[in-house]
Amino acid sequence: MFIKKSYTDCPIIPSEMDITMMEYAIKLAQKAEALGEIPVGAVLVSPAGEIIGEGWNQSILMHDPTAHAEMMAIRMAGQFLQNYRLTDCTLYVTLEPCAMCAGAILHSRIGRLVFGASDYKTGAIGSRFHLFEDFKMNHLLNIQGGVLGSLCSQQISDFFKKRRSFKKSQK
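Residues numbered from 1 in each chain as written. Predicted model: local features only at pLDDT ≥ 70, side-chain atom pairs only at ≥ 80, totals over all residues. Heavy atoms only, no water.

- As recorded in an unreviewed UniProt entry, the protein chain goes by tRNA-specific adenosine deaminase and comes from Haemophilus sputorum.
- If you open the UniProt record of the protein chain and go to Subunit (unreviewed entry), you find "Homodimer."
- In its Catalytic activity (unreviewed entry) section, the UniProt entry covering the protein chain states "adenosine(34) in tRNA + H2O + H(+) = inosine(34) in tRNA + NH4(+)". (UniProt positions renumbered as here; feature names shortened; annotations may be inferred.)

Encoded structure:
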């Protein structure tokens, strides 16, 4: 497990809540996979520990390149709170957010991000580049990566193995 820190410290050992919410995000990712989408799930939790938003990848189904799990959860939470600022909320996501989702996290003022697997192709929280290391940003974010990272990574790897195997069998 690795920790990405941005401006402020966050706990090194995941809490029981972190594990529970990441397990729930993994279940949401299974919904995406059942739809033929890349299995990524996200859960947004209020400071009181209440789930206020959730999502799973739906870009193919919705014909919408912005329908990532994080974006769906952020949209739902904004509607739930009737506010675009999600201050002090925690976003749990099975895969490191891309630049688009990192931008939405920034603009929504989410207080903490917890993610599972790193994304070495498009990850914007340290794997490819780190949006929140720019100290000119107007928002501070606590970040913890690698929570149930092996499970999250295996879920995505298995999905792509099945997809490659299926394509190979179609030839």
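### A few points about a nonpolar patch on the surface
- Residues Leu35, Leu61 and Met62 make up a contiguous nonpolar surface patch of about 280 Å² in total accessible area.
- For Leu61, the location among the structural elements is in helix α2 (residues 59-62). (Patch = residues over 30% accessible without salt bridge, like charges linked within 9 Å, V, L, I, M, F, W, Y side chains within 5 Å. Areas by Shrake-Rupley, 256 points an atom, 1.4 Å probe, with all protein chains shown as cover. Salt bridge = Lys/Arg side-chain N within 4 Å of Asp/Glu carboxyl O. Helix = DSSP H or I, 4+ residues; strand = E, 2+ residues; numbered from the N terminus.)

### Structural notes on the environment of Ser118
- Looking at the secondary structure, you find Ser118 in the loop between β4 (112-117) and β5 (142-145).
- Judged by relative accessible area, Ser118 falls into the buried class, the value being 19%.
- C-alpha of Ser118 to C-alpha of Gly145: the two residues are 27 residues apart in sequence and 7.5 Å apart in space. (Buried < 20%, exposed > 50% of the residue type's maximum accessible area, 1.4 Å probe, protein only.)

### A closer look at the packing of aromatic side chains
- Counting across every chain of the model gives one aromatic pair.
- When the centroid spacing of 5.1 Å and the interplanar angle of 80 degrees are considered together, the rings of Phe159 and Phe160 count as edge-to-face.
- Residue Phe159 is classed as buried on the basis of its relative accessible area, which comes to 7%.
- Exposure remark for Phe160: the relative accessible area of 27% places this residue in the partly exposed category. (Phe/Tyr/Trp six-rings, centres within 6.5 Å; stacked < 30°, edge-to-face > 60°.)

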